[in-house]
Every structure is written in C-alpha cells, then in structure tokens.
Amino acid sequence: MTIAVLLKQVPDTTSKISVSGGRVDESAVSKWSMSPYDEYALESALQLKESGGGDVVAITCGPARAAKMLTDAAAVGADSLLHVLVEDLNALDSTQVQAILAAAVSHCSAQVVFCGKQAADTNAGSTGPGVAHLMGASCVTMVSEVASEGDSFTAMRASSGGDQRVAVSAPCLFAFDKGTTELRRPNVRGIMMAKKKVAETLGASDLGVDTSASSVSVDSHSPPPEKPPGQRFEGVDSVAVVVSKLRDEANVI
Amino acid sequence: MDVTVIAESSENGLHPVTAQLVGAAVAIGGAPTVLCAGGWGVEDAVSISGVAKVISVVGDCFGSFDGGAWAEALSSASGGDVIIAAATPAGREIAATIAAIRGIPIVQDVTGLAPGISVTRPIYSGKAIESSTVGTPCAITVRANAFDAAGEDGSAEVSTVNQSADVAVAVREAIAKASERLDVAEADIIISGGRGMGDPANFSHLEEIADIIGAAVGASRAAVDTWDEIPHGMQVGQTGKTVTPSLYIAVGISGAIQHLAGMRTSKYIVAINKDPDAPIFGVADYGIVATWEDALPALKAELGKL
C-alpha cells in the first residue's frame, strides 16, 4: 500500500506577515514550515505505515524553497518524495492546484491520500475534497486518526454533533484536523538518510496540467485594518465600568 | 447573475447563517435559488427576503454525512454563475466538491463581495487581506457574520428534486459530545482562557460566566497544548477556530500572534490580563489590567445584575 501525503510549505504560524507594494512580502517571512495540519497528516501516515506496512510518499506542489520541507518529511520517515515545481502558487486557481496534485498522486500509483484539512496560508480547504473527486476517491474531512482494517479504513472525524467513527474503502482521501499526535522529531540517522534522498522533480506540464489560464486573479494584498486604540482600565473596580460600556456603548450584552 | 445558495441546514432545521448567504448573493446582484439538502429547513428558507426559489433536494444519501455524495446529489441542481455556501467544515467540503465536479474554481471563506466578481478574504488567518477578481462560473464560501442577513418577508416557491448518490462513507459509531456547551464556531459571545488561568480546573470560572451571558468557552493554543482537560475543539487561533463573535473576552491570554489571527475580527474584544504589556491589549477595545482571580468574580457579579 502506498500512502500519498500532500504537504504545503507555508510561513510558520509564528511569523509576521508584512505587505509591501500591494503584495505579501515573502522575502520578509522569517521561517517557512510544513503547514500544521499537514504535519498531523504526515504523522498519521507514518503511524499507519508502522502498523500496517506500505510506503509513504510525500508530495508537494510549490516553489524551489519547498524542497527543504520534503527533506524534513524524509527525515521523519517518508520513503519517497515528489516535488511538482510551481514557482508562484498564487497564480493558480483551485482547479489547477487540484489537477496537479491528483496527477501527482496518480503518478505515484497511490490509492490512499492523507492531507491537512486546510493550509495555514490560504486557510481554504478546497484541495482535499477536490483531489478526492478527481481521483474518484471517497473523502473524509476533519479527521483526527485513521486505522486500517484489511482493505478498508476507519477514521475518527469531528462533526457538529460530536465525533464519529466512519469506514471507507480505497481509493480514499483523509483531510486531517488537529489530532492528539504531534509530528515526531527526526533523529540524527533520519536527518543523515534524508540528505541522500533525492526528490523526483516534475513540472506541471510533465503531469499534463495546463497552468496558463487561471480564472482567479489576485489584485492586491493589504494588511488587516488597524483597530483604533482601545480603552484601558486598571484594577478590579473597572470591571463594572467595562460591563456598563459593553451594554450601553457597544450594545453587545 | 444566476446564483445558487447551498443552505446550511440539518435535521434541526435551517441555520441562521443561510440568511447571510442570501445577503451575500444579493450583494453580487443575484436573486438566488436556495438548495436545501435532505429537504431540511425548507419552511424557513422560503421566507428569506430576495430568494427566487427554493429547491428541496431529497435522497437516501442525506441520511449521514458524506460530503462527496451530498455534493454529487446537489450538483445537478447547482447550475448558474455562482454557487454560494457557508464556510463551515461541511459547507467548505460540499462547495469544493461541487466546484471540482463542475470544473470551476472555488474561493473559500470570503468576507467581502462585489459585482464583477470582486472578492476579499482574510489569508494567513487574518494577518493579511487578499482582494481578487474571480471569473464565472465559480463557487464561493462565505464566513459567518461577514454579511448582513437578508430579511424574513419572502415567499419563494418550493420545488422538490429526488436526487441521491452512492454513499461511500459509512458511520460506524457516533460519540456524543463530552459537553453540551456551545461551540466557539457557533457562538455570538466567547469567553476564552489562556495559560494564565493557571490550572484547567479554573476554567469553571469562565463556564459560570458563559452560562450567565449565553457564551461559548474557548481557549488559547497554549492552554490546549498544556492541559489535556482542555480539548482542541475549544482552541481559537491559527491552528484552531477562526471566530468573529460580537463579543470576545480573553482572560489570562497574552495574545500570541497566532491567537490574535483567530479572533481579531471579533466585533468587540475585552482583555483581562495582569500584565499591562501583554500584546492582547493591542487588539482590545476594553482592556482591564487585573488578575483573573480578582476580575472574574467582579465580572460575574456585574453580569448577574443585567
């Protein structure tokens, strides 16, 4: 069994985002990391491999800098790496990104796909369901854990009414929410092995995907609107003042 | 502009966010067709102002949630130029799958819309705002509380479509929620605690206040990561839930950048922290420099008087 894990490199969630000339200034991002939900997907894939066997292939679609993230994935146990080189992901719309990733999964002959429920930069969550549809796979989102049962899988997912344990058969895709497990840290041997692991690098055209005609064009980025400075109070006696302001000034209680 | 709205509904009826989706449809010049999956919420959907018609889509597949199957069943009725759904987990999945079925792009979690179609949305969990132009046909999901709800004086016609799809996700076991508390993603008022609460047992003070004002109880990532008793479902922030309540009360939360990203668009923010230099005060409309031990009993007493 081959498990494909879809990973995206994003500004670390602790990074500040600055805007210059109407665009997010990527050169000012202090640290690039694997998107947190993708980390949960990768850890769950590695655990499933350990319990049920198989290979984990880490796939990313992104610029050259994302190669570092694939090496990080190899260091914790990804068996093979596929990098679809796309210099500017912002220039692609959701249909193009999904077509690239679905073709990449097919290129790896994977029937099972793990990914994050959304990336920490776009916060969208379109990729999992879209890729699942393109590969004719069942899709389970908001997943916290997956176990295999022969040819089928069970997953825990969150729903508005509480958690549910659901069963699906391959081909299937699981989009992970934050679970109980954190991505393991690499050991020295893993880091050394990862340095020798070469990612297969393809272009979108190698996978037969046309990246020319996006139907979404980004016009500008801007910083979030500044809030006017708030009112500051000291000490417990001010609680009554604030409550009266919430009632009479803000009208929210 | 031919707009289809996917109603947010369940066996409990129509979710109020649906009227906001209609408001968003009207903002781009559409008198929308509203689809009610499983026929849920039809009675309420017909009375939303501006709705051209309501289609009740009924089929066996709506017995349990399989976003792929629901999307397939709904897609036959989801024609037109723009599909609008709520940016809830289910809404996002259904809309993304319908978009993939139709081969059209989707833009998620939109907070502003204008004819053209111009969309604005927060990216990096609100650390920046993106404005883009989207060609039609397209799908859009809309953040709760970003658009004014349409009124309630409509009287749309209803038609029923029988359309099911093969269900591939089988529910084996449903685990009831640990608590019946309001979810932070649903709440209009949220009171959240951070690691400054000192001990997870102290969240009971937040719960008492939440009960008085009908609030949900949230938590910072630091609190969720530190204490097993505080589940991830309560986490507000970049790797938790992004919320836009009318009132957000942050108690013992310093205001790490990734927490601010998840709550800074709240309409009013109250911060209670003993550290006058805590970053949370930078986004607070009303900041109270005090310990929670002092402030929460006073807050409870004052709210109890209302």
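For clarity, every value in this text was computed on a predicted model and none was experimentally measured. (Residues numbered from 1 in each chain as written. Chains lettered and ligands numbered in written order. Predicted model: local features only at pLDDT ≥ 70, side-chain atom pairs only at ≥ 80, totals over all residues. Heavy atoms only, no water.)

Peer 1: Looking at this model, I keep getting lost on the interface of chain A and chain B. Mind explaining?
Peer 2: Often the size quoted for an interface is simply the accessible area lost on bringing the parts together. Listed as interface residues are 79 residues of chain A and, on the opposing side, 74 residues of chain B. Taking both sides of the interface into account, the surface hidden between chain A and chain B amounts to around 6200 Å²; carbon and sulfur atoms contribute 56%. Three residues stand out in chain A for area buried against chain B, namely Thr13, Lys178 and Lys227 of chain A, and they jointly supply 10% of the buried area on that side. For the pair chain A and chain B, the number of links is 4 salt bridges. For Lys227 of chain A, the salt bridge identified is with Asp285 of chain B, shortest N-O distance 2.8 Å. Inspection of the region where chain A meets chain B yields 36 residue pairs in polar contact (both at pLDDT 80 or more). Counting residues per element, the side of chain A that touches chain B draws most heavily on helix H6 (residues 238–248) of chain A, at 8 residues. The pairing of strand S11 (residues 162–169) of chain A with strand S13 (residues 170–176) of chain B spans 6 bridges and is antiparallel. Among the inter-strand pairings, Val166 of chain A is bridged to a residue of S13 of chain B, identified as Val171 of chain B. (Contact = heavy atoms within 4.5 Å. Buried area = accessible area lost by both parts, 1.4 Å probe. Salt bridge = Lys/Arg side-chain N within 4 Å of Asp/Glu carboxyl O. Polar contact = N/O pair within 3.5 Å; in protein donor to acceptor, adjacent residues only side chain to side chain. Helix = DSSP H or I, 4+ residues; strand = E, 2+ residues; numbered from the N terminus. Pairing = 2+ DSSP bridges.)

Peer 1: Teacher, can you tell me more about the packing of helix H3 (residues 67–75) of chain B against helix H4 (residues 89–102) of chain B here?
Peer 2: Residues and elements named next belong to chain B. In contact at an axis separation of 8 Å, H3 and H4 are set at 55° when each is read in the N-to-C sense. Comparing their axes, H4 and H3 come out oblique. The two elements H3 and H4 cross, and the hand of that crossing is right-handed. Two secondary-structure elements touch here, H3 through Gly67, Gly68, Trp70, Ala71, Glu72, Leu74 and Ser75 and H4 through Glu93, Ile94, Thr97, Ile98 and Ile101. (Axes fitted to C-alpha atoms, helices over the stretch in contact; angles between N-to-C directions. Parallel < 35°, antiparallel > 145°, perpendicular 65-115°, else oblique. Left-handed = near helix turned anticlockwise from the far one by under 90°.)

Peer 1: Help me out: how do you make sense of H4 of chain B in this one?
Peer 2: A turn of α-helix holds 3.6 residues, and therefore any two residues three or four places apart point the same way. Residues and elements named next belong to chain B. Here H4 spans 20 Å end to end across 14 residues, near enough to the 20 Å set by a 1.5 Å rise per residue. For H4, the tally of buried residues reaches 10 of 14 residues, placing the bulk of the element in the interior. Within two residues after H4, Gly103 carries a phi angle of roughly 70°, on the positive side. (Expected span 1.5 Å × (residues − 1). Buried < 20%, exposed > 50% of the residue type's maximum accessible area, 1.4 Å probe, protein only.)

Peer 1: Would you mind going over the pattern of salt bridges with me for this structure?
Peer 2: Opposite charge on two side chains permits pairing when their charged atoms draw close. Residues and elements named next belong to chain A. Under the definition given, this model contains 23 salt bridges over all chains. Between Arg184 and Glu43 there is a salt bridge whose closest N-O contact spans 2.8 Å. One end of the pair, Arg184, is in the loop between strand S12 (172–176) and helix H5 (188–196); the other, Glu43, is in helix H1 (residues 36–52), with 141 residues separating them in the sequence. Within the structure, one salt-bridge network assembled from shared partners comprises Glu43, Glu50 and Arg184.

Peer 1: Looking at this structure, how should I read the pairing of strand S17 (residues 268–273) of chain B?
Peer 2: Looking along a regular strand, one sees side chains alternate from face to face of the sheet. Residues and elements named next belong to chain B. In terms of residue burial, S17 counts as a mostly covered element, since 5 of its 6 residues are buried. Sheet topology note: the strand S16 (residues 247–251)/S17 ladder contains 5 bridges and is parallel. Across the sheet, the residue bridging to Ala250 is Ala271, located in S17. You can see the chain leave S16, run along helix H7 (residues 257–263) and come back into S17, and the turn it takes is right-handed. (Right-handed = clockwise from strand over helix to strand, strands pointing away.)

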